[in-house]
Amino acid sequence: MATTKIRFRASSVPGRQGTLFLQVIHRRVTRRTVLSYRLLPHEWDAEGQTVVLTAAPSAERRQYLLAVQQALVRDVERLRLIVLTLDHSRRPYCADDVVLQFMKKTPSDSFMAYAETLIARLHDEGRAALAAKYRAALGSLRRYLGGRPLAFARVDAALLLDYERWMQRQGLCLNTTSFYMRNLRAIYNRAAADGLVRQTRPFARIYTGVARTAKRAITADDVRRLMALPLPPQSAAAFARDIFLFSFYTCGMSFVDIAHLKRSDIRGRYLCYRRQKTGQAIRVRWQPCMQQLVKKYRRPGSPYLFPIITGPEHDATRQCQNALHLVNRQLRILGELLALPVRLTSYVARHSWASIAKSSNVPLAAISEAMGHTSERTTRIYLAILVNTAADSANQRVLSAIMPEGKTKTAGRKKGMPR
């Protein structure tokens, strides 16, 4: 039989109300469903799993706490009835079945509650990056709603168009509003697949594409200036510059992919890895300039090429986010020092590689392959339309544009290495 408990999660912001959620455990699998009630830490008794009514500073707050306690009693009773019914059916079920049945009977704030439950499930499955995207989209929608509940029945074209206009009034760019809408649509589609709502395609009239962005690339001359900039060894600025250059040398590898690179990914004359974003397999010819950077950060006992993920692997997402923030801060300073025309970030390396590849007459198909894009349409977001050479040849041309003559020549073939 499944067991259920009420849990409280305090807000990371001091003084803000935390969240209550119901926890279901069945056959060693834990699932959570977030409730719409909000409490301060001192208003919750974790041991007794009850609201502390005496903590109310006013009659109005006491009335709210009493309403929360009464609602919790009803929720717990209903959840236990669901578990009892499933047990009596003598059919196999899982913790997800309990949560889904509970969700079907809570329409008042069902969209938000389902989304929170989905995010918790993704975290449990180790899919923290996708969970973070859903969390960001949900946060934006919650700010728009201003505390109002959102039933699935209210998620229609009229509400979404009003939400889109609200985001535009907040000064958000088209790609940002599209990012939020795409992730909310994904949540809605999952709910429809789970049978919580009838699919009515409410996002059909909402923009969910990717618009062409402003220029975010620097020239080959700018890259050379960055390479030649004298920086203190082992400094944060030097590390940021080296990460930028490694990204550029590897056809614009993303920061998260660099962070996850391991020694075992270097196979003979090639660096072989899978993109964290898409899972696509990428192979880049290993160059002396790459080896030179990796050698600087070699750490005995660590499987990683760079000191970005240095703690437990289950905390890799947070470590990557913190490191990316620090690297981008240093790159911004370096960009200002060089008076570059764009704000320098790790992502500029990716745009710059593509831009220099285009100016070196590398065909679009080769640029798309080298960057790990799933389609040439994605590559055109970075570039104007170009025309098939291998990715290795493409990168050789780009590196030749910034390196002194002879510096990009691949090391001689060792015995047994593939040609």
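Rules and cut-offs
- Residues numbered from 1 in each chain as written.
- Predicted model: local features only at pLDDT ≥ 70, side-chain atom pairs only at ≥ 80, totals over all residues.
- Heavy atoms only, no water.
- Helix = DSSP H or I, 4+ residues; strand = E, 2+ residues; numbered from the N terminus.
- Buried < 20%, exposed > 50% of the residue type's maximum accessible area, 1.4 Å probe, protein only.
- Areas by Shrake-Rupley, 256 points an atom, 1.4 Å probe, with all protein chains shown as cover.
- Pairing = 2+ DSSP bridges.
- Axes fitted to C-alpha atoms, helices over the stretch in contact; angles between N-to-C directions.
- Phe/Tyr/Trp six-rings, centres within 6.5 Å; stacked < 30°, edge-to-face > 60°.
- Lys NZ or Arg CZ within 6 Å of the ring centre and 35° of its normal.

### Topic: the overall build of the protein chain
Thought 1: If you tally the helices and strands in the protein chain, you get 15 helices and 8 strands.
Thought 2: Counting the 419 residues in the protein chain, one finds 47% classified as buried.
Thought 3: Carbon together with sulfur atoms contributes 52% to the accessible area of the protein chain, which is approximately 22,000 Å² in total.

### Considerations on the sheet that holds strand β3 (residues 29-39)
Thought 1: Strand order across the open sheet formed by 3 strands is β1-β2-β3, with antiparallel pairing between neighbours. Looking along the sheet, the strands with just one partner apiece sit at the ends: β1 (3-9) and β3. Each strand of the sheet is rotated relative to its neighbour by a mean of 25°, with strand direction disregarded.
Thought 2: Sheet topology note: the β1/strand β2 (residues 18-26) ladder contains 7 bridges and is antiparallel. Bridge pairing in β2 places F8 opposite L20.

### With respect to the sheet that holds strand β7 (residues 270-274)
Thought 1: Strand order in the open sheet made by the 3 strands is β6-β7-β8, with antiparallel pairing throughout. Sheet topology places β6 (266-267) and β8 (281-285) at the edges, where each strand pairs with a single neighbour.
Thought 2: Here β7 pairs with β8 via 5 bridges, running antiparallel. The residue of β8 that forms the bridge with R274 is A281.

### Description of the packing of aromatic side chains
Thought 1: Applying the stated rule across the entire model yields 10 aromatic pairs.
Thought 2: Ring centres of F111 and F152 lie 5.5 Å apart, and the angle between their planes is 70°; this geometry places the pair in the edge-to-face category. On the criterion of sequence distance, the pair formed by F111 in helix α3 (residues 110-124) and F152 in the loop between α4 (128-145) and α5 (157-169) is long-range, its members being 41 residues apart. Grouping residues by exposure puts F111 and F152 together as buried.
Thought 3: Ring pairs connect the aromatic residues F239, F246, W286, Y297 and F306, which therefore count as one cluster.
Thought 4: Just above the ring of F21 sits the side chain of R32; from NZ or CZ to the centre is 5.7 Å.
Thought 5: Over the aromatic face of Y270 sits the side chain of R283, whose NZ or CZ is 3.8 Å from the ring centroid.

### Side note on the pairing of β2
Thought 1: Among the 9 residues of β2, 8 are classified as buried, and the element is accordingly described as predominantly covered.
Thought 2: Here 8 bridges tie β2 to β3, and the two strands are oriented antiparallel to one another. Pairing of G18 across the sheet is with L39, part of β3.

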